[in-house]
Amino acid sequence: MIVAERKPLDEIIGFIKDCKKILIVGCNECVTVCYAGGKKEVAILASALKMAFLKEGKELEVKEVTLERQCDQEYLEEIRDIIDQYDAVVSMACGVGVQFMAEKYQSMPVYPALNTLFMGGAEEMGVWSERCQGCGQCILGQTAGICPITRCAKRLLNGPCGGSTQGHCEINKDLPCAWQLILDRLKALGRLDDYDRLISIKDWSTERSGGPRKIVREDLQQ
Amino acid sequence: MNPKTPSKLEKILASGQLAVTSECGPPRGSNGDAIAKKAEMIKDYVDAINITDNQTSVTRLCSLAAVIRLKLMGLEPILQMVTRDRNRIALQSDILGAASFEINNILCLSGDHQQFGDNPQAQNVFDIDSMQLIQTVRYMRDEGKFLGGDDLEKSPQMFVGAACNPFADPFEIRARRLAKKVAAGVEFIQTQCIYNLDKFELWMKQIRDMGLHEKVYILAGVTPFKSAGMAKYMKNRVPGMDVPDEVVKRMSGVDKDKQSEEGIKICIESIQRLKDIEGVRGFHIMAIEWEEKVPEIVEKSGLLPRPSVS
Ligand code: SF4
Ligand code: SF4
């Protein structure tokens, strides 16, 4: 899923300080699961903003809505009838949702309430970490199912570097060294010999470097 | 092994003599004389001089300009190049630029993460890694082609080196990782600073068992401690550094004003012991911001006179 966390309140206030009526829109997918922008977080942000305005002697009218998905044209339509009543939308979706919202409602200011961080998952309650950078040509088959592009701080395809220390990455003792993980798993799989193969220079044109990416599936187009 | 390039370092190694290299860090400013001054201090005591490439990710005068300066002084530089800051276009271009000044040695590195430097907010590149940089230089040299497949005019004649840290984890694959670098085409290795000689011997044994010592020239890396504080810092703060307790104790055991002397002594003793290890083909002396001590270390280690080759 996409993992995000809420921006500091002051930053959000900065966006909407001149508004009188805002629409806060949550999303029921990833950001709900990572407790950043679901229905509950929409309610918390709404009251925090109202309180902050009251303290300044101002009033803020807030409408709370949480859509099934903000990265989806169909669900975004659900607010078409009410959106014009507000001065701005504060979106609690990931960066994709915020942009889909902005694209759909051209004349409406849309502000992000979250910082979108990564594609990852929950290691345990309250701990999320990154697993994939969407490079567009998955090499997990060569790396024992652990992604060095994402999890090695230097995205080494032929690691580990000389800084790997007792299983930790050189940049941070709280991070596992991706190459230690790969080697451990190769060993568990009885495939340590795979390590001896050099991974060749990667074609990054399917990654961010190749420009914004797009998939067209003609079989699904109407 | 017969030399394949005009590199003086390669010729010395191929002749079977112990080679000695050292390194200079470029200044944090545009004063090119600073690098010339450092090189002057050591030039008669070493066969080749590495110029570091924004080491520890601290921004400095570039290694390419600095090696050219040394070359123009008639010296034998080793161009260090990290993949952290340059993509394959810039790397190939810099390799050609260096080759156009007859820089005949390159050390291929991934580089420290930028978090350790003066611009932790920077993007990193890591388009390719150090092994792939080795492959790149060899490809350009041996095939006379760019990575993209086009022919290049006058291929770069570079003796290709890399670093190797026998002390990093997991220890069990460190020799195998060197084997990968050899498969990628590396021709000489400068190791991480060696303080744990027992462990280094163990690693060298693995290297010999794999026959790698016949395929790549290994220069043992040494760095003299200036003080007990430096020994402790290296032990506790530098990732991948293995400084045994006895060494720290030995440094702390002498008076403060005698510590630098003790550091030099330890360094020389290490070189003496390393000389006896089969497969060690020379030394890489990294006297960090202490270049003036290199002559003494080389001399007292019995590494003079330096050979001349044609
Ligand atoms: S190799 Fe690419 S697609 Fe596969 S997990 Fe890593 S970044 Fe994601
Ligand atoms: S310590 Fe491991 S994860 Fe960290 S940069 Fe080095 S190889 Fe990559």
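Residues numbered from 1 in each chain as written. Chains lettered and ligands numbered in written order. Predicted model: local features only at pLDDT ≥ 70, side-chain atom pairs only at ≥ 80, totals over all residues. Heavy atoms only, no water.

Undergrad: In this structure, what is going on with the packing of helix α7 (residues 197–209) of chain B against helix α10 (residues 259–275) of chain B? I would like to understand it.
TA: Angle between the axes and distance between the axes: these two values describe a pair of packed helices. All names here are of chain B. Closest axis-to-axis distance for the α7/α10 pair is 11 Å, and the angle between their directions is 25 degrees. One way to sum up the angle between α7 and α10 is to call them roughly parallel. Here the hand of the crossing between α7 and α10 comes out right-handed. Residues L197, D198, F200 and E201 of α7 lie in contact with α10, whose contacting residues are S270, R273 and L274. Here the residues of the contact of α7 with α10 are counted per class, giving 3 nonpolar, 1 polar and 3 charged. (Axes fitted to C-alpha atoms, helices over the stretch in contact; angles between N-to-C directions. Helix = DSSP H or I, 4+ residues; strand = E, 2+ residues; numbered from the N terminus. Parallel < 35°, antiparallel > 145°, perpendicular 65-115°, else oblique. Left-handed = near helix turned anticlockwise from the far one by under 90°. Contact = heavy atoms within 4.5 Å. Nonpolar A, V, L, I, M, F, W, Y, C, P; charged D, E, K, R; others polar.)

Undergrad: Sorry, what's going on with the pairing of strand β4 (residues 105–109) of chain B here?
TA: In the case of a regular strand, side chains alternate between the two sheet surfaces. Residues and elements named next belong to chain B. Of all the 5 residues making up β4, 5 are buried; the element is thus mostly covered by neighbouring parts of the structure. Residues of β4 alternate between two faces, with N105, L107 and L109 on one and I106 and C108 on the opposite face, all of them buried. Across 4 bridges, strand β3 (residues 77–82) lies against β4 in parallel orientation. Bridge pairing links M81 to C108 in β4. Crossover β3 to β4 through helix α4 (residues 88–100) is right-handed. (Buried < 20%, exposed > 50% of the residue type's maximum accessible area, 1.4 Å probe, protein only. Pairing = 2+ DSSP bridges. Right-handed = clockwise from strand over helix to strand, strands pointing away.)

Undergrad: How should I be thinking about the packing of aromatic side chains in this particular structure?
TA: For any pair of aromatic rings, the description consists of the separation of the ring centres together with the inter-plane angle of the planes. Using the criterion set out here, one finds 7 aromatic pairs over all chains in the structure. Each ring, one from A:W179 and one from A:Y195, has its centre 6.2 Å from the other, and the planes form 70 degrees; the classification is edge-to-face. Taken together, the residues span a long stretch of sequence, with A:W179 in helix α7 (residues 178–188) and A:Y195 in the segment after α7 at a distance of 16 residues. Grouped by ring-pair contacts, the aromatic residues B:F159, B:F188 and B:Y217 constitute a single cluster. The positively charged end of A:K202 is found above the aromatic ring belonging to A:W204, 5.5 Å away from the centroid. Its end group placed over the ring of A:Y195, B:K180 keeps NZ or CZ at 4.0 Å from the ring centre. (Phe/Tyr/Trp six-rings, centres within 6.5 Å; stacked < 30°, edge-to-face > 60°. Lys NZ or Arg CZ within 6 Å of the ring centre and 35° of its normal.)

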